[in-house]
Amino acid sequence: MDYKIETYEAFDDHIDETEPEVRVWGVTWSPSVAFERIDPIGYRVAMSDWLSHMEVAEQYCPDCDLFLWDACACDSPTQRGDAQ
Ligand SMILES: [Zn+2]
């Protein structure tokens, strides 16, 4: 599936904050760019895993494709576990 550009940017920021730069022959690339270009399928799988983790941590809403530090348009954050 495709995500909002902001979702890709959040994943890229996460990679760039947690992985070292890729350096070859004096040329450097950000790890997010290197990952996505060298192994685009692996990148997608890793992003999906990360979003699942963020959803469990209640920081991402897959229905809205939004992180909860932005405005989530549905009620999912308030529906966890306490339904009557
Ligand atoms: Zn939502």
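Above this text you will find the structure in question.
Residues numbered from 1 in each chain as written. Predicted model: local features only at pLDDT ≥ 70, side-chain atom pairs only at ≥ 80, totals over all residues.

(A) Summary view of helix H1 (residues 5-18). With 14 residues, H1 ought to run about 20 Å at 1.5 Å a step, and its terminal C-alpha atoms sit 20 Å apart, in line with that. Among the residues of H1, Ala 10, Phe 11 and Ile 15 are the ones counted as buried. In an axial view of H1, the angular spread of the buried residues amounts to 135°, which keeps them on one side of the axis. In H1, the exposed positions that point more than 90 degrees away from the buried face belong to Ile 5, Glu 6, Glu 9, Asp 13 and Glu 17. (Helix = DSSP H or I, 4+ residues; strand = E, 2+ residues; numbered from the N terminus. Expected span 1.5 Å × (residues − 1). Buried ≥ 20, exposed ≤ 12 C-beta atoms within 10 Å, placed from the backbone. Arc of directions from axis to C-beta.)

(B) Up close: the environment of Met 54. With respect to the element layout, Met 54 can be found in helix H3 (residues 40-56). Of the residues examined, Met 54 has 19 C-beta atoms within 10 Å and is grouped as partly exposed. Along the backbone, Met 54 and Phe 67 are 13 residues apart, and their C-alpha atoms lie at a distance of 8.4 Å. Residues within four places of Met 54 in sequence aside, it is in contact with Gln 59 and Tyr 60. (Contact = placed C-beta atoms within 7 Å.)

(C) A look at the environment of Val 33. On the secondary structure map, Val 33 appears in helix H2 (residues 31-38). For the pair Val 33 and Asp 16, spaced 17 residues apart in the sequence, the C-alpha separation amounts to 9.1 Å.

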